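# Descriptive analysis of the structure
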Amino acid sequence: MRGASATDIVYYCKHCKSFLGTIDSTKTSAESLGFSVLTSEELADIMEFDAVYQTTYVKTICEYCETALRQHPELLLTPTPLQ
Ligand SMILES: [Zn+2]
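The present account deals with the structure reproduced in this document. (Residues numbered from 1 in each chain as written. Predicted model: local features only at pLDDT ≥ 70, side-chain atom pairs only at ≥ 80, totals over all residues. Heavy atoms only, no water.)

The next thing to look at is the packing of aromatic side chains. In the structure shown here, the tally under the stated rule is 1 aromatic pair. For the pair Tyr12 and Tyr57, a centre-to-centre distance of 6.3 Å together with 70 degrees between the ring planes defines the contact as edge-to-face. Of this pair, Tyr12 sits in strand β1 (residues 8-13) while Tyr57 sits in strand β4 (residues 55-60), and the two are 45 residues apart along the sequence. Relative accessible area serves as the criterion here: at 13%, Tyr12 is assigned to the buried category. In this structure Tyr57 comes out as partly exposed when scored by relative accessible area, which is 22%. (Phe/Tyr/Trp six-rings, centres within 6.5 Å; stacked < 30°, edge-to-face > 60°. Helix = DSSP H or I, 4+ residues; strand = E, 2+ residues; numbered from the N terminus. Buried < 20%, exposed > 50% of the residue type's maximum accessible area, 1.4 Å probe, protein only.)

Structure below.
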């Protein structure tokens, strides 16, 4: 196997799509990531598995967008295209 391993979890910002980091899921657990508090529906909403790259992507929000949305909450009303 080469490249990204199947155990990688990749975080990116759902608003600006910036890359926030990766986590080796073999060294952490759903509990420590806070995923255990989410319902399976919420998890399905933020997590996306790429079968080609064998990688799990987690949609989150970066500091920049968090600050921007706090200052301009109307941005949340902007419709985003379905993926
Ligand atoms: Zn962002």
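Following the structure, the description resumes.
A word on the coordination of the zinc ion. Distances from the zinc ion to its protein donors, Cys13 (SG), Cys16 (SG), Cys62 (SG) and Cys65 (SG), fall at 2.2 to 2.3 Å. Taken together, the 4 donor atoms coordinating the zinc ion span angles of 108 to 112 degrees at the metal, a pattern that classifies the geometry as tetrahedral. Sequence positions of the donors to the zinc ion reduce to the motif C-x2-C-x45-C-x2-C. (Donors = N, O, S within 2.8 Å, 3.2 Å for Na, K, Ca; no water. Tetrahedral: all angles 85-135°; square planar, octahedral: opposite > 155°, others 65-115°.)

The analysis is restricted to geometry; functional conclusions fall outside its scope.
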